[in-house]
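What follows is the residue order along each chain.
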Amino acid sequence: LEREEEILARTRDNVQYLFNNIWELDRKVVEDAVVVKMPPVVFRLPREKVIPKKKEPTRWELYAQAKGIKKKKKSSKVYDKVAKEWKPTYGYNRGNNDDDNWVIEIPDNKDPMIDYFGEREELKKERVHKNELQRLRNIKRQTRRTDENMLDASIPLGVSKDLKDRTRHELVNQMSRARVSTASVGKFQPAIKNEKVPKNKGIKRKFEPNEAGIVNETERYKEVLDQVISKKPLVNEGQLAANSSTKNQRKSKKSTHKSTIHRQQYFQSKIKPRKLGKKMVKRKK
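What you see is a predicted model; the values in this text were computed from it and never measured. (Residues numbered from 1 in each chain as written. Predicted model: local features only at pLDDT ≥ 70, side-chain atom pairs only at ≥ 80, totals over all residues. Heavy atoms only, no water.)

K.L.:
I tried to follow the overall build of the chain on my own but got confused; where do I start?
P.N.:
When helices and strands are tallied, the chain shows 6 helices and 6 strands. When the elements of the chain are put in sequence order from the N terminus, they spell out α-β-β-α-β-β-α-α-α-α-β-β. For the chain, with 285 residues in total, the buried portion stands at 5%. Within the chain, contacts between residues separated by at least 24 positions form 10% of all contacts whose residues are at least 6 apart in sequence. (Helix = DSSP H or I, 4+ residues; strand = E, 2+ residues; numbered from the N terminus. Buried < 20%, exposed > 50% of the residue type's maximum accessible area, 1.4 Å probe, protein only. Contact = heavy atoms within 4.5 Å.)

K.L.:
Help me understand the packing of aromatic side chains in this model?
P.N.:
Remark: the centre distance and the inter-plane angle together describe each pair of aromatic rings, the angle taken between the planes. Within this structure, the stated rule accounts for 2 aromatic pairs. Pairing Tyr-79 with Trp-86 gives two aromatic rings, centres 5.5 Å apart and planes at 65 degrees, and the pair type is edge-to-face. Residue Trp-86 is classed as exposed on the basis of its relative accessible area of 57%. The ring of Tyr-221 carries the charged tip of Arg-220 above its face, separated from the ring centre by 5.8 Å. (Phe/Tyr/Trp six-rings, centres within 6.5 Å; stacked < 30°, edge-to-face > 60°. Lys NZ or Arg CZ within 6 Å of the ring centre and 35° of its normal.)

K.L.:
Would you take a moment to explain a nonpolar patch on the surface for this structure?
P.N.:
A contiguous nonpolar patch, built from Val-15, Leu-18, Phe-19, Trp-23, Val-29 and Val-34 and spanning about 580 Å² of accessible area, is present on the exposed surface. With 4 residues, helix α1 (residues 2–23) is the single largest residue contributor to the nonpolar patch. Within the element layout of this structure, Val-29 appears in strand β1 (residues 27–29). Accessibility expressed as a relative area gives 61% for Val-29, which makes it exposed. (Patch = residues over 30% accessible without salt bridge, like charges linked within 9 Å, V, L, I, M, F, W, Y side chains within 5 Å. Areas by Shrake-Rupley, 256 points an atom, 1.4 Å probe, with all protein chains shown as cover. Salt bridge = Lys/Arg side-chain N within 4 Å of Asp/Glu carboxyl O.)

K.L.:
For this particular structure, what's the right way to read helix α5 (residues 214–229)?
P.N.:
Every α-helical turn comprises 3.6 residues, leaving residues that sit three or four positions apart pointing alike. An ideal rise of 1.5 Å per residue puts 22 Å on 16 residues; α5 measures up with 22 Å between its terminal C-alpha atoms. Little of α5 sits out of view: just 0 of its 16 residues are buried. (Expected span 1.5 Å × (residues − 1).)

K.L.:
Teacher, can you tell me more about unusual backbone geometry here?
P.N.:
A negative phi angle characterises most non-glycine residues, just as the trans form characterises most peptide bonds. Even without glycine at this site, Glu-31 takes up a positive phi of about 55 degrees. Within the secondary structure layout, Glu-31 lies in the loop between β1 and β2 (34–36). With a relative accessible area of 77%, Glu-31 lands in the exposed category. At Asp-32, a residue that is not glycine, the phi angle is positive and equals roughly 60 degrees. The residue Asp-32 is located in the loop between β1 and β2 in this model. With a relative accessible area of 81%, Asp-32 lands in the exposed category.

K.L.:
Mind showing me how you'd approach a negative patch on the surface here?
P.N.:
Among the surface-exposed residues, Asp-115, Glu-119, Glu-121, Glu-122 and Glu-126 lie close enough to one another that they form a single negatively charged patch. Along the polypeptide, Glu-126 turns up in helix α3 (residues 116–146). (Lys, Arg positive; Asp, Glu negative; His and termini not counted. Charge placed at Lys NZ, Arg CZ, Asp CG, Glu CD.)

This is the structure in structure tokens:
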């Protein structure tokens, strides 16, 4: 009895909790009846892939964390004093860009015969290369930490095997895979000097859509049914008769040719005597 009373009490509490939540939703009257607008249905599906691991911090992030440097969000626009308008802080047509200056002021303590425009371009290229090198070093350091047993410091970044140990077939295969790894599947990839463009491997198959219209499906079935029911023979009788006649003519020609040869040989053997020892004897009948 105590067990039944406990079950009834829990059931009553759960039902009361359910109705309390229902009456907290939006309500409206429809034909003298109070109805509740139910929330949209939500499906909770399991995750397909494993949750990605947290990335290792870069050297700059570690340095900023140690020094207490906080990242400040800069505005996307900056006021250009020369153009007297607001321009993007970074990227194309950015404001306060020194590269757009067509005049460079040379101090008195510097050589005026040096190409300062070319020097400015070289410094910019060096900065770009330095940033790219730091980015690759960060990636290499992260991959080495995640799997130190599999990676070796002597192996270049992105290479799973020593360059000297790879065969020609492996190199060509990796080059072809790298070519088609772009967004355009290698269509606009510039070719290297004296490089042979690989042929497209495989056959491109075309499939009909799975969800086709009813009209197209019925027409396709009708065509198949008409081919089965139609009284017209699938074989062209005229062409078949012509082929058979040509074959018969060829056979007759071959037979006549052979018969004439055998007949000539027979008569020659009748006329010509054969040698038996020293005497000339005619062939007996």
